[in-house]
Amino acid sequence: MTHPELRPRPPSPLVEAADERFAAQGVRLLLKRDDLVHPQLPGNKWRKLAPNLRAALEAGHDRLVTFGGAYSNHLRATAAAGRLLGLETVGVVRGDELADRPLNDSLARCAADGMRLHFVTRSEYRRKAEPESLSRLLTAAGAQDAYLVPEGGSNPLALTGCAELGRELRDAGDVVAVACGTGGTLAGLAAGLGPDQRALGVPVLAGGFLGPEIRSLQTAAFGAPTPNWTLAEGHDHGGYARVPPSLEAFAKDFESRHGLPVERVYVAKLLRALTTLTEAGAFERGTTVTAVVTGRP
């Protein structure tokens, strides 16, 4: 039986955003309000976590373990999911220097939802993909028997949840754009879109490493990469969780124009990138661009 907190929600709303910056270029902007898909686990976090949570419950696990940085939306979502489902949660946090500092708002929310935080050095954290290093990390965290959800929640199961998002958006836009952290949402979204649509990912981290990750995820989930996605690099605004004044000003302006609360780490960068690309003529006139709003402030 499906746990009541995992029951599918109706498709999230799709609304048009009348914006003269897009209209001037002959481009129509739609917003997929996935921030409204679940009351406590909004957007891509719900899409990626739900299949993993079902698998954990079906396998009889009573504890989840996952990874993230000090401002990780994924850690917060996993902690909230554990509280909703009555599961213990352990968060392995990048940066052992944080252990002796007061918790920031993000980590404090995790702790309030019952997540036990285990801080590790940045070098240890970088090696978590190596089997021996991972085993040591989990043992040190007291989570060797827990159900493992990867950093960002991106694994083949998660992609099946994100593919449903793509299916909801068939015939809703020529280009469907989403902000990318680990690439799982884009990888699944692209697989669910229709044959004449393409997906556009806006990485919120610098480095240009996401392409191979996305192809690897799609191969593991679907047998091969899909050819219908691209990445728009160079819109990270200095790196993850960096919100310079110019981006803050853009987000506030967008909020006032459209009455949409704009999450700064992912959604603001996505919307700013789409505005910049549109004004630069990156989309042909007559194009409908759908931006996936993956979370809320």
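Model, not experiment: these values are computed from the prediction.

Student: What is the right way to read the sheet that holds strand β9 (residues 229-231) from this model?
Tutor: Whether parallel or antiparallel, the strands of a sheet pair through hydrogen bonds between backbone atoms. Strand order across the open sheet formed by 6 strands is β1-β2-β10-β7-β8-β9, with mixed pairing between neighbours. Strand pairing shows two members of the sheet lacking a second neighbour, β1 (14-16) and β9, which therefore form its edges. Neighbour to neighbour, the strand axes of the sheet diverge by 25° on average, direction disregarded. Pairing geometry for strand β2 (residues 28-32) and strand β10 (residues 288-292), over 5 bridges, is parallel.

Student: Could you clarify how one ought to interpret the sheet that holds strand β5 (residues 115-120) in this entry?
Tutor: Taken in spatial order, the 4 strands line up as β5-β4-β3-β6 in an open sheet, and their pairing is parallel. Whereas interior strands pair on both sides, the edge strands pair on one side only; in this sheet they are β5 and β6 (147-148). Two elements, strand β3 (residues 63-68) and strand β4 (residues 88-94), share 6 bridges in a ladder whose sense is parallel. Looking at the pairing, Gly 68 lines up with Val 93 of β4.

Student: I would appreciate a short explanation of unusual backbone geometry in the present structure.
Tutor: In most cases, non-glycine residues show a negative phi, while peptide bonds are predominantly trans. The residue Asp 171 is not glycine, and still its phi comes out positive at about 70°. Locating Asp 171 in the fold gives a position in the loop between α7 (156-168) and β7 (175-180). The exposure class assigned to Asp 171 is exposed, which follows from its relative accessible area of 79%. Its identity as a non-glycine residue notwithstanding, His 237 has a phi of 55°, on the positive side. Position of His 237 among the secondary structure elements: in the loop between β9 and α10 (245-258). What makes His 237 partly exposed here is its relative accessible area of 24%.

Student: Please clarify how the packing of aromatic side chains should be interpreted in this entry.
Tutor: Geometrically, a pair of aromatic rings is defined through the distance of the ring centres and the angle of the planes. On inspection of all chains with the given rule, the structure shows 3 aromatic pairs. Aromatic side chains Tyr 240 and Tyr 266 sit 5.9 Å apart centroid to centroid with 70° between the ring planes, which places their arrangement in the edge-to-face category. On the criterion of sequence distance, the pair formed by Tyr 240 in the loop between β9 and α10 and Tyr 266 in the loop between α10 and α11 (267-279) is long-range, its members being 26 residues apart. Judged by relative accessible area, which is 26%, Tyr 240 ranks as partly exposed.

Student: When you look at the layout of surface pockets in this model, what are you seeing that I'm missing?
Tutor: Leftover empty space is mapped by rolling, across the atoms, a probe with the size of a water molecule. The space that makes up the largest pocket amounts to roughly 1000 Å³. Residue lining of the largest pocket: 38 residues in total, with Tyr 125, Lys 128, Glu 151, Gly 152 and Thr 182 positioned closest to the centre. Looking at the lining of the largest pocket, the elements with two or more residues in it are α2 (43-58), β3, α3 (73-85), α5 (122-126), β7, α8 (184-192) and α9 (210-222). At 4 residues, α9 tops the list of elements feeding residues into the lining of the largest pocket. Classifying every residue of the lining of the largest pocket by side-chain character gives 15 nonpolar, 15 polar and 8 charged. Roughly 590 Å³ of volume is contained in the second largest pocket. If you list the elements that add at least two residues to the lining of the second largest pocket, you get α2, α3 and α4 (105-112). The biggest single contributor to the lining of the second largest pocket is α3, with 5 residues.

Student: What's the story with the environment of Gly 239 in this structure? I'm lost.
Tutor: Tracing the chain through its elements places Gly 239 in the loop between β9 and α10. Residue classification places Gly 239 among the buried residues on the basis of a relative accessible area of 10%. Separated by 168 residues in sequence, Gly 239 and Tyr 71 place their C-alpha atoms 13 Å apart. Those residues in contact with Gly 239, other than ones at most four positions away along the chain, are Val 204 and Lys 269.

Student: When you look at α4 in this model, what are you seeing that I'm missing?
Tutor: Turning to α4, its buried residues are Ser 106, Leu 107 and Cys 110. The arc enclosing the buried residues of α4, seen along the axis, measures out at 90°, which places them on a common side. More than 90 degrees from the buried face of α4, the exposed residues found are Asp 105 and Ala 112. Each element contacted by the buried residues of α4 is listed here: α3, β4 and β5. The backbone nitrogen of Ser 106 has a side-chain oxygen 3.0 Å away, supplied by the residue at the start of α4, namely Asn 104.

Definitions and limits used
Residues numbered from 1 in each chain as written. Predicted model: local features only at pLDDT ≥ 70, side-chain atom pairs only at ≥ 80, totals over all residues. Heavy atoms only, no water. Pairing = 2+ DSSP bridges. Helix = DSSP H or I, 4+ residues; strand = E, 2+ residues; numbered from the N terminus. Axes fitted to C-alpha atoms, helices over the stretch in contact; angles between N-to-C directions. Buried < 20%, exposed > 50% of the residue type's maximum accessible area, 1.4 Å probe, protein only. Phe/Tyr/Trp six-rings, centres within 6.5 Å; stacked < 30°, edge-to-face > 60°. 1 Å grid on protein atoms, 1.4 Å probe; cavity = no way out; pocket = protein on both sides within 12 Å on 5 of 7 lines; lining within 4 Å. Points joined across faces, edges and corners; volume = space filled by probe spheres on them. Nonpolar A, V, L, I, M, F, W, Y, C, P; charged D, E, K, R; others polar. Contact = heavy atoms within 4.5 Å. Arc of directions from axis to C-beta. Polar contact = N/O pair within 3.5 Å; in protein donor to acceptor, adjacent residues only side chain to side chain.

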